[in-house]
Amino acid sequence: MVPTNELATRATADSNDRLAVDQKHLLHPLHHPTANVKARIWVEGHGAVIKDSTGREYVDGLAGLWNVNVGHGRRELAQAAQEQMSTLAYHSSYAGATNYPAIALAEKLSTLTYPSINTFFFTSGGAEASETSFKTARFYWKAKGKPDKFKVISRMRAYHGLTLAAMSATGLPAFWPMFEPRTPGFLHIDAPDPYRFVNTDPGKSLGVAAADKLEEAILREGPETVAAFIAEPVQGAGGVIVPPADYFPRIREICDQYDVLFIADEVITGFGRTGRWFGLEHYGVEPDIMQFAKGITSGYVPLGGIGVSDAVRDVINGVPAAKRWMHAYTYSGHPTCCAVALKNIEIIEREKLVDRAATQGARFLEKLRTLEALDGVGHVRGQGMIAGVEVVADKATKKLFPPEAGMTQRLTDALLEHGLVTRVALDCICLAPPLIISDELLEQAVASLRQAIPAAVATAIG
Ligand SMILES: Cc1ncc(COP(=O)(O)O)c(C=O)c1O
């Protein structure tokens with residue numbers, strides 16, 4: 001919905017005033033002052049629609065930042081927070097203390113996650129979950145008498161957060177240079193991208209060839225030095241990469257063969273996004289450690305964490321007290337965040353949003369695939385309610401537009417102009433709307449893409 005002219009003009013003047021204050025007092029994630037001059041101020045959300053300070057409404061094509069799974073404006077979640085804050089706002093969860101919502105959430109997660117994962121640690125978000133996973137992998141091997149196993153292998157185009165070790169595992173080089181040196185012992189293999197992976201072994205499927213890159217890396221580094229491999233079941237921020245069906249089974253095999261812990265980063269893929277509760281369920285394999293955040297509270301309050309397999313838990317519980325798992329965050333097991341997560345999971349279950357993501361996501365993908373006929377659309381992919389539309393300069397060679405064409409910004413702007421807000425990563429338009437989105441709004445999103453992509457491509461070509 002576009003507001004009337006008079007209201008919009010007044011609101012724009014107010015917004016400009018607040019943006020000047022923003023420029024003066026706020027540093028933003030991925031900050032540069034030029035990027036925020038014409039920023040939108042988001043003020044309200046209902047379901048899968050969000051409104052800016054001028055009163056204009058947009059389809060929320062990324063559910064916030066891949067997290068608002070149950071949609072905006074859920075009073076039940078606000079009430080759950082209010083009730084918990086009024087009862088017990090906070091107490092630490094350091095060993096020797098606990099609280100009812102944290103206990104109930106861990107118990108609930110043990111019924112929802114992989115069968116071998118029954119023990120949980122809570123953080124405030126995804127990067128803290130990554131740090132916790134890496135430290136737990138190191139701890140595990142030290143406790144097993146193998147202190148030299150400390151390296152972590154991840155994939156190019158992976159995103160695991162931006163604290164120092166998480167940034168080092170993240171396989172998007174744009175995040176590195178101004179913060180280097182990276183943490184030692186982090187290395188990357190190619191992403192299993194069905195569109196771009198170059199399979200040089202005709203005897204192997206693409207999935208197996210991509211997974212075998214892990215074996216090559218382990219052998220190159222020496223298995224006695226590698227602690228863990230971390231992977232998102234669907235790579236999100238790197239451009240929605242859905243690996244082939246035989247990729248993760250082969251990864252599991254390699255991890256078992258070389259005694260390497262397999263960490264699944266389910267920060268985006270958890271809590272129904274892919275049409276299953278957790279992303280690796282599509283592949284029939286289980287990780288040793290899993291991490292989650294985002295959808296666990298649908299973004300209403302910050303919460304993340306890890307789950308560990310019974311085998312990893314036994315090792316953590318088995319060391320002498322002097323060698324304890326000396327890891328902590330003030331907000332681990334925060335009672336309000338855990339209470340909101342429990343209510344959020346109740347909504348996902350009650351409204352059958354996981355099944356909905358599977359069936360509605362399949363229909364969405366079918367509609368998105370019709371965009372492949374457009375000039376500039378190189379590849380469309382997805383799984384459940386997460387999808388990517390990759391824009392290329394040349395469909396035959398899959399060549400991207402050069403950086404000076406500024407395609408990311410052009411696409412983002414054109415989509416906003418046509419009423420769809422989302423992020424563009426490496427010229428892939430990422431789509432992960434709230435799981436409650438209606439068919440009508442999905443149609444509207446596809447229509448926005450159909451208009452915006454040719455407009456952006458035309459201006460880039462000039
Ligand atoms: C897969 C994955 N892991 C980790 C993170 C980092 O989470 P946070 O931004 O909460 O630190 C993200 C954030 O987008 C993510 O997508």
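Notes on the structure in this doc start here. What you see is a predicted model; the values in this text were computed from it and never measured.

Calculation rules
Residues numbered from 1 in each chain as written. Predicted model: local features only at pLDDT ≥ 70, side-chain atom pairs only at ≥ 80, totals over all residues. Heavy atoms only, no water. Pairing = 2+ DSSP bridges. Helix = DSSP H or I, 4+ residues; strand = E, 2+ residues; numbered from the N terminus. Core = buried A, V, L, I, M, F, W, Y, C linked by side-chain atoms within 4.5 Å. Buried < 20%, exposed > 50% of the residue type's maximum accessible area, 1.4 Å probe, protein only. Contact = heavy atoms within 4.5 Å. Near = heavy atom within 4 Å. Polar contact = N/O pair within 3.5 Å; in protein donor to acceptor, adjacent residues only side chain to side chain. Areas by Shrake-Rupley, 256 points an atom, 1.4 Å probe, with all protein chains shown as cover. Nonpolar A, V, L, I, M, F, W, Y, C, P; charged D, E, K, R; others polar. Salt bridge = Lys/Arg side-chain N within 4 Å of Asp/Glu carboxyl O. 1 Å grid on protein atoms, 1.4 Å probe; cavity = no way out; pocket = protein on both sides within 12 Å on 5 of 7 lines; lining within 4 Å. Points joined across faces, edges and corners; volume = space filled by probe spheres on them. Axes fitted to C-alpha atoms, helices over the stretch in contact; angles between N-to-C directions. Parallel < 35°, antiparallel > 145°, perpendicular 65-115°, else oblique. Left-handed = near helix turned anticlockwise from the far one by under 90°. Phe/Tyr/Trp six-rings, centres within 6.5 Å; stacked < 30°, edge-to-face > 60°. Lys NZ or Arg CZ within 6 Å of the ring centre and 35° of its normal. Expected span 1.5 Å × (residues − 1).

## Observations concerning the pairing of strand 3 (residues 57–60)
Thought 1: In terms of strand pairing, strand 2 (residues 49–52) meets strand 3 through three bridges, oriented antiparallel. Considered in strand 3, the bridge of Val49 is made with Val59.
Thought 2: In this structure, the hairpin formed by strand 2 and strand 3 is closed by a connection of four residues, where Gly55 is found at a positive phi of approximately 95°.
Thought 3: As judged from the two bridges shared by strand 3 and strand 13 (residues 420–421), these two strands associate in the parallel manner. Bridge pairing in strand 13 places Asp60 opposite Val421.

## Regarding the nonpolar core
Thought 1: Counting residues in hydrophobic clusters, the biggest one holds 100 residues, and the most contacted among them are Phe229, Leu368, Ile429 and Ile453.
Thought 2: No other element matches helix 13 (residues 439–461), which puts nine residues into this core.
Thought 3: For Leu368, the contacting residues outside a window of four places in its chain are Val380, Ala387, Val389, Leu431, Val446 and Leu449.
Thought 4: Grouped together as the second largest cluster of nonpolar side chains are 25 residues, Val152, Ala169, Ile306 and Val308 included.

## A short note on the site of the ligand
Thought 1: Near the ligand the following residues occur: Gly125, Gly126, Ala127, Tyr159, His160, Gly161, Glu232, Asp265, Val267, Ile268 and Lys294.
Thought 2: At a separation of 3.0 Å, an oxygen atom of the ligand approaches a polar side-chain atom of Lys294.
Thought 3: Out of a free accessible area of 390 Å², the ligand has 80% covered by protein chains.
Thought 4: Looking at the shell around the ligand, its residues break down into four nonpolar, four polar and three charged.

## Points about the pattern of salt bridges
Opposite charge on two side chains permits them to pair, given that their charged atoms come into close proximity.
Thought 1: Applying the stated rule across the entire model yields 26 salt bridges.
Thought 2: In this structure, Glu76 and Arg350 form a salt bridge, with 2.8 Å as the shortest nitrogen-oxygen distance. One end of the pair, Glu76, is in helix 3 (residues 75–87); the other, Arg350, is in helix 10 (residues 335–350), and 274 residues separate them in sequence.
Thought 3: By relative accessible area, which is 25% here, Glu76 ends up partly exposed.
Thought 4: A salt bridge links Arg182 to Glu180; its shortest N-O distance comes to 2.8 Å.
Thought 5: Judged by relative accessible area, which is 30%, Arg182 ranks as partly exposed.
Thought 6: Through salt bridges with shared partners, a single ionic network connects Arg74, Glu76, Lys343, Glu346, Arg350 and Glu351.

## Some words on the sheet that holds strand 12 (residues 386–391)
Thought 1: The four strands are arranged 11-12-15-14 in an open sheet whose pairing can be described as antiparallel. Lying at the two open borders of the sheet, with one neighbouring strand each, are strand 11 (377–383) and strand 14 (424–425).
Thought 2: When strand 11 meets strand 12, the two strands line up antiparallel, connected through six bridges. Looking at strand 12, one finds that His379 is bridged to Glu390.

## Comments concerning the layout of surface pockets
Thought 1: The computed volume of the second largest pocket comes to approximately 940 Å³.
Thought 2: Lining the second largest pocket we find 30 residues, and of these Ser93, Ala95, Phe120, Phe121 and Trp325 sit closest to its centre.
Thought 3: Elements with a contribution of two residues or more to the lining of the second largest pocket: helix 4 (100–112), strand 4 (117–123), strand 10 (304–309) and helix 9 (310–318).
Thought 4: No other element matches the five residues that strand 4 contributes to the lining of the second largest pocket.

## Some words on the packing of helix 11 (residues 353–369) against helix 13
Thought 1: The geometry of helix 11 relative to helix 13 is characterised by a closest axis approach of 10 Å and an angle of 25° between their N-to-C directions. Relative to helix 13, the element helix 11 is oriented roughly parallel. The element helix 11 and its partner helix 13 pack so that their crossing is right-handed. From helix 11, Gln360, Arg363, Phe364, Lys367 and Leu368 reach across to helix 13, where they touch Asp439, Leu442, Glu443, Val446 and Leu449.
Thought 2: For the contact of helix 11 with helix 13, the per-class residue count stands at five nonpolar, one polar and four charged.

## Regarding the packing of aromatic side chains
Thought 1: With the rule as written, the count across this model stands at 17 aromatic pairs.
Thought 2: Counting every residue linked through ring pairs, the aromatic cluster contains Tyr114, Phe120, Phe122, Phe271, Trp277, Phe278 and Phe292.
Thought 3: The lysine or arginine in question, Lys149, covers the ring of Trp141, its NZ or CZ lying 4.8 Å from the ring centre.
Thought 4: Residue placement shows Arg182 over the ring face of Trp176; its charged tip is 3.6 Å from the ring centre.

## What about unusual backbone geometry?
Thought 1: The omega torsion across Glu180 and Pro181 is 10°, close enough to zero to call that bond cis.
Thought 2: The topology assignment puts Pro181 in the loop between helix 6 (164–169) and strand 6 (186–189).
Thought 3: Of note, Arg157 is a non-glycine position whose phi angle comes to about 70°, a positive value.
Thought 4: Secondary-structure assignment places Arg157 in the loop between strand 5 (151–155) and helix 6.
Thought 5: The class for Arg157 is buried, based on a relative accessible area of 16%.

## Some points on the environment of His160
Thought 1: Counting through the fold element by element, His160 comes out in the loop between strand 5 and helix 6.
Thought 2: Sequence separation between His160 and Glu131 is 29 residues, and the spatial gap between their C-alpha atoms is 9.3 Å.
Thought 3: Not counting residues up to four positions away in its chain, the partners in contact with His160 are Gly126, Ala127, Ser130, Ser154, Ala166, Ala169, Thr170, Ile230, Ala231, Glu232 and Asp265.

## Overview of the sheet that holds strand 1 (residues 42–46)
Thought 1: Overall, mixed pairing links the four strands, which are arranged 1-2-3-13 in an open sheet. Across the chains shown, the open sheet's two edge strands, defined by having one partner strand only, are strand 1 and strand 13.

## Details of helix 4
Thought 1: Given a rise of 1.5 Å per residue, 13 residues ought to cover 18 Å, and the 19 Å separating the end C-alpha atoms of helix 4 matches this to within 8%.
Thought 2: Next to the buried residues of helix 4 lie helix 3, strand 4, strand 9 (289–292) and helix 10.
Thought 3: Where helix 4 begins, the capping side chain belongs to Asn99, and its oxygen is found 2.9 Å from the backbone nitrogen of Ala102.

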